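Secondary and tertiary structure notes
Listed here are the chains, written in short residue letters.
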Amino acid sequence: MSSIKDVKIEESWKQALQEEFKQAYFTTIKAFLVKEKQSGKTIYPPGSLIFNAFNLTPFDAVKAVIIGQDPYHNPGQAMGLSFSVPKEVRTPPSLKNIYKAILANGISNFEIPNHGDLTGWAEQGVFLLNAMLTVEHKKAGSHKKIGWQTFTDAVIKKLSDEKEGLIFMLWGNFARNKKVLIDQDKHHVLESVHPSPLAGNGFLSCDHFAKTNELLVAQGKKTINWQV
């Protein structure tokens, strides 16, 4: 069995997810990743960033959730936050569309950044969760079936069960399918097409950023500054 102490993750999440870390499937995930690395395969993100979303947005601080699919699979891109890349990496097309949508939302003083690092969102309570937390170099979706979705589905359900008033932004069919895990009597679910250019330009009219701040104000919570 996997020991909870082995998992390097922010303390409030460690407490919230302690039962998951004891499960056989979690031990299987760890064993798989160790074996892949030992065989010389390159896995993204680096081990220290696998739980970056959790470490930057403690369980008690989550206000909104943006669900991605799996990490970027090119060198230097994945940083453990959905849709985000480090500052020195070129902004991916999906994130460019996210920025364009924020601009179209009429968010006060927003300017499209020259980088794609969304750490600032995470630090304000936007939980940037990928459904799969790792991926093999140049192989999109390669870790889709190793158990990560069991884990991240449990994460979403835990948030739904134990918190109230969260805003879940579900972009594209993959994320929208997670709606069944969310108690919509307690939380807000906002749905849109995926921001990828491959999904057409439908996302550019996505109003989730202004809407999220309206919902936060209604709850007496501090709004998100979307500028990064």
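It should be emphasised that the depicted structure is a prediction, and the values quoted were computed from it without experimental measurement.

1. Focus: unusual backbone geometry
The omega torsion across Y44 and P45 is -10°, close enough to zero to call that bond cis. For P45, the position within the fold is in the loop between β1 (43–44) and α4 (52–56). Of note, K138 is a non-glycine position whose phi angle comes to about 65°, a positive value. When you line up the elements, K138 lands in the loop between β4 (135–136) and α7 (148–162). The exposure class of K138 is exposed, given its relative accessible area of 54%.

2. Points about the nonpolar core
For soluble globular proteins, nonpolar side chains are generally found buried alongside one another. With 69 residues, the main nonpolar core has F54, W148, F151 and F209 as its most contacted residues. For F54, the residues in contact, after removing those within four places along its chain, are I9, E10, W13, L17, F127, L129, L133, F151 and V155.

3. Here we look at helix α5 (residues 93–104)
Over its twelve residues, α5 extends 16 Å from the first C-alpha to the last, a length consistent with the 16 Å expected when each residue adds 1.5 Å. Listed in full, the buried residues belonging to α5 are S94, L95, N97, I98, Y99, A101 and I102. Turning to α5, the residues buried within the fold contact α6 (119–122), β5 (167–171) and α9 (208–218).

4. Comments concerning the side chain of Q149
Inspection of the secondary structure assignment puts Q149 in helix α7. Looking at Q149, its side chain comes within polar contact range of the side chain of K178, at 3.0 Å. In this structure Q149 touches A131, M132, K144, F174 and K178, once residues within four positions along its chain are discounted.

5. Focus on the packing of aromatic side chains
In total, this model carries 22 aromatic pairs according to the counting rule given. A ring pair is formed by F83 and W171, whose centres lie 5.4 Å apart and whose planes are at 55°; its orientation type is tilted. Here F83 is found in the loop between β2 (64–68) and α5, whereas its partner W171 is found in strand β5, with 88 residues between them in sequence. Exposure remark for W171: the relative accessible area of 2% places this residue in the buried category. Where W121 meets F209, the ring centres are 6.4 Å apart and the plane angle is 50°; that geometry is what we call tilted. In this pair, W121 sits in helix α6 while F209 sits in helix α9, placing the two residues 88 residues apart along the sequence. Owing to a relative accessible area of 1%, W121 belongs among the buried residues under this scheme.

Rules of the game
Residues numbered from 1 in each chain as written. Predicted model: local features only at pLDDT ≥ 70, side-chain atom pairs only at ≥ 80, totals over all residues. Heavy atoms only, no water. Helix = DSSP H or I, 4+ residues; strand = E, 2+ residues; numbered from the N terminus. Buried < 20%, exposed > 50% of the residue type's maximum accessible area, 1.4 Å probe, protein only. Core = buried A, V, L, I, M, F, W, Y, C linked by side-chain atoms within 4.5 Å. Contact = heavy atoms within 4.5 Å. Expected span 1.5 Å × (residues − 1). Polar contact = N/O pair within 3.5 Å; in protein donor to acceptor, adjacent residues only side chain to side chain. Phe/Tyr/Trp six-rings, centres within 6.5 Å; stacked < 30°, edge-to-face > 60°.

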